[in-house]
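Working through the structure, step by step
Here is how the chains run, residue by residue.
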Amino acid sequence: MNKTTMTIELKSHFIRLYQMALSDENFDTLELQMLYNLADERGIPREELDKLFLNPVNYQSCIPDELDTRIEYLYDLTLIIWADSKITEDEINTLRKYCLKFGFLEENINELSDYLIDCVKKGIRKEEIINQLNS
């Protein structure tokens with residue numbers, strides 16, 4: 001697989017994923033493994049991810065413009081919280097906070113986060129969700 005250069009947007013995404021993994025105060029090895037799997041899917045070398053986590057910069061304001069990318073990133077966040085097969089109230093609240101930050105309407109946040117959690121639990125892939133959105 002080709003190596004991917006981490007854009008500011010992608011760095012921001014991985015910082016959010018890392019924060020999500022820490023949100024329940026129980027940083028599980030399964031969550032860390034999921035972080036590296038998501039990086040691997042995008043062709044990001046492990047070393048580059050390590051470097052980012054050891055020297056994080058505030059990339060929080062970099063929210064993707066495209067709806068598909070926002071859904072993909074929220075799905076990834078949901079994968080992190082389900083990595084240990086347990087979802088805490090803190091993790092749900094953090095996911096909802098990110099849904100809001102990503103520009104979704106407040107009245108739709110609970111339904112969207114519940115939907116994403118349900119999809120991840122059922123093993124529905126993000127590509128299927130994005131395809132549904134676009135049809």
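Bear in mind the structure is a predicted one, so any value in this text is a computation, not a measurement.

**Comments concerning the overall build of the chain**
Helix and strand content of the chain: seven helices and zero strands. Moving toward the C terminus, one meets the helices and strands of the chain in the order α-α-α-α-α-α-α. With the principal axes as the frame, the chain shows a C-alpha extent of 40 × 35 × 30 Å. Per-residue burial over the chain gives 44% buried out of 135 residues. Contacts in the chain between residues at least 24 apart in sequence constitute 76% of all its contacts with a sequence separation of at least 6. When the accessible surface of the chain is split by element, carbon and sulfur atoms take 47% of a total near 7700 Å². Averaging the locations of the 15 positively and 26 negatively charged side chains of the chain gives two centres separated by 3 Å.

**So, the pattern of salt bridges**
Two side chains that carry opposite charge are able to pair once their charged atoms sit near each other. Inspection of every chain in the model, using the stated rule, returns seven salt bridges. Measuring nitrogen to oxygen at the nearest pair gives 2.7 Å for the salt bridge that ties Asp76 to Lys126. With Asp76 in helix α4 (residues 67–82) and Lys126 in helix α7 (residues 126–134), the pair connects residues that are 50 residues apart, well separated along the chain. Residue Asp76 shares its accessibility class with Lys126, and that shared class is buried. Residue Asp114 pairs with Arg96 through a salt bridge whose shortest N-O separation is 3.1 Å.

**As for the nonpolar core**
If you look at the biggest cluster of nonpolar residues, it comprises 37 residues, and the most contacted ones within it are Phe14, Leu49, Leu74 and Leu95. Listing elements by their share of this core, those giving two or more residues are α1 (8–22), α2 (29–41), α3 (46–54), α4, α5 (89–101), α6 (106–122) and α7. Element by element, the count of residues in this core is highest for α4, at eight residues. Setting aside residues up to four positions removed in sequence, Leu49 forms contacts with Met6, Phe14, Leu35, Tyr36 and Ala39.

**Overview of the environment of Phe27**
By the element assignment, Phe27 lies in the loop between α1 and α2. The spacing of Phe27 and Asp84 is 57 residues in sequence and 9.5 Å in space, taken between C-alpha atoms. Apart from residues no more than four positions distant in its own chain, Phe27 is found in contact with Tyr18, Ala21, Leu22, Leu32 and Leu35.

**Considering α2**
Taking 1.5 Å as the rise per residue, α2 with 13 residues should run 18 Å; its terminal C-alpha atoms sit 18 Å apart, in good agreement. All of the buried residues in α2 are Glu31, Leu35, Tyr36, Leu38 and Ala39. Taken around the axis of α2, the buried residues stretch over an arc of 155°, which confines them to a single face. Facing away from the buried surface of α2 by more than 90 degrees, the exposed residues are Thr29 and Asp40.

**Thoughts on the confidence of the model for the chain**
Detail in the predicted coordinates should be disregarded across regions flagged by low pLDDT. Looking at the chain as a whole, its pLDDT mean stands at 88, while 93% of the residues score no less than 70. Model confidence for the chain, summarised as mean pLDDT per element, is weakest for α1 at 87 and strongest for α6 at 96.

Definitions and limits used
- Residues numbered from 1 in each chain as written.
- Predicted model: local features only at pLDDT ≥ 70, side-chain atom pairs only at ≥ 80, totals over all residues.
- Heavy atoms only, no water.
- Helix = DSSP H or I, 4+ residues; strand = E, 2+ residues; numbered from the N terminus.
- Buried < 20%, exposed > 50% of the residue type's maximum accessible area, 1.4 Å probe, protein only.
- Contact = heavy atoms within 4.5 Å.
- Areas by Shrake-Rupley, 256 points an atom, 1.4 Å probe, with all protein chains shown as cover.
- Lys, Arg positive; Asp, Glu negative; His and termini not counted.
- Charge placed at Lys NZ, Arg CZ, Asp CG, Glu CD.
- Salt bridge = Lys/Arg side-chain N within 4 Å of Asp/Glu carboxyl O.
- Core = buried A, V, L, I, M, F, W, Y, C linked by side-chain atoms within 4.5 Å.
- Expected span 1.5 Å × (residues − 1).
- Arc of directions from axis to C-beta.
- pLDDT = per-residue confidence, 0-100.

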